[in-house]
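Secondary and tertiary structure notes
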Amino acid sequence: MYDSGANLSCIHSHVLEGLEVPVSLGRTRLVGTSEGHYIEVNERVSLDFYMDDILLSDEFLVIQGLSEEVIIGAATMQKWLIKLDFEHDKAIVDPKVAKMQLV
């Protein structure tokens, strides 16, 4: 799920099984939700993922009980020039990003 209202990208802890080992944040951090609640976060993970056959990478906060499996937040969308096309209900990676790929 793409959420321009979420600053950071997050991943549900059960999705990580077999993908990557989370790293401790060093201290517990509180992340605010849109409903005004706070969730304790203790781990993060760096992951590679593909959009439109373009390899992207970013850090995700590991959150147990997250409502979605993965949430791509605004910081990731800005970093990789991802635009939301509401008319066609899809996310688009700016063509400039494909040119930045390392070979």
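Here, residues in each chain are numbered from 1, in the same order as that chain's written sequence. Confidence filtering applies because this is a predicted model: local features only for residues at pLDDT of at least 70, side-chain atom pairs given and counted only at 80 or more, and all residues used for totals across whole chains, interfaces and linings. The basis for every side-chain value is the complete set of non-hydrogen atoms in the structure, without hydrogens or water.

**Quick notes on the pattern of salt bridges**
Spelled out, the test is: Note on definitions: salt bridges are taken to be side-chain nitrogens of Lys or Arg within 4 Å of carboxyl oxygens of Asp or Glu. By definition, any uninterrupted DSSP run of H or I lasting at least four residues is a helix, any uninterrupted run of E lasting at least two residues is a strand, and each is numbered from the N terminus.
Enumeration according to the criterion identifies two salt bridges in this entry. For Arg 44, the salt bridge identified is with Glu 59, shortest N-O distance 3.0 Å. Of this pair, Arg 44 sits in strand β4 (residues 38–51) while Glu 59 sits in strand β5 (residues 54–63), placing them 15 residues apart in sequence. Its salt-bridge partner being Lys 79, residue Asp 58 comes within 3.4 Å of it at the nearest N-O pair.

**Overview of the environment of Met 77**
Worth spelling out the cut-off: Note on classification: 1.4 Å probe, protein chains only; a residue is buried when its accessible area is under 20% of the maximum for its type, exposed when over 50%, partly exposed between these limits. Should any heavy atoms of two residues lie within 4.5 Å, those residues are counted as being in contact.
Position of Met 77 among the secondary structure elements: in helix α1 (residues 74–79). For Met 77, a relative accessible area of 6% translates into the label buried. Along the backbone, Met 77 and Gly 36 are 41 residues apart, and their C-alpha atoms lie at a distance of 23 Å. Among residues more than four places away in sequence, those in contact with Met 77 are Tyr 2, Asp 3, Ser 4, Ile 72, Ile 82 and Leu 84.

**Considering the pairing of β5**
The condition is simple: Should DSSP find at least two bridges between two strands, the strands are regarded as paired.
Most of β5 sits out of view: seven of its 10 residues are buried. Pairing of strand β2 (residues 10–12) with β5, which is carried by three bridges, proceeds in the parallel orientation. The residue of β5 that forms the bridge with Cys 10 is Leu 61. Pairing of β4 with β5, which is carried by nine bridges, proceeds in the antiparallel orientation. Counted as the bridge partner of Phe 49 is Leu 56 from β5. Between β4 and β5, which pair antiparallel and follow one another directly, the connecting turn spans two residues, one of which, Asp 52, has a positive phi of 50°.

**Concerning the packing of aromatic side chains**
How we decide: Any Phe, Tyr or Trp ring, taking Trp's six-membered ring, that has another such ring centre within 6.5 Å forms a pair; planes under 30 degrees apart are called stacked, those over 60 apart edge-to-face, and the others tilted.
All told, the structure shown has one aromatic pair when counted by the stated rule. Taken together, a centroid distance of 5.9 Å and an interplanar angle of 80° make the contact between Phe 49 and Phe 60 edge-to-face. On the criterion of sequence distance, the pair formed by Phe 49 in strand β4 and Phe 60 in strand β5 is long-range, its members being 11 residues apart.

**Overview of the confidence of the model for the protein chain**
Our working definition: Residue-level confidence of the predictor is what pLDDT reports, using numbers from 0 through 100.
Of all residues in the protein chain, 94% have pLDDT values of 70 or greater, and the mean over the chain is 86. Per-element confidence in the protein chain ranges from a low mean pLDDT of 70 for helix α2 (residues 95–99) to a high of 93 for β2.

**Side note on the sheet that holds strand β3 (residues 23–32)**
Read across the open sheet, the six strands follow the order β1-β6-β2-β5-β4-β3; overall the sheet is mixed. Each of the sheet's edge strands pairs with one partner strand only, and the pair in question is β1 (2–3) and β3. The pairing of β1 with strand β6 (residues 70–73) spans two bridges and is classified as parallel. Across the sheet, Asp 3 pairs through a bridge with Gly 73, a residue of β6.

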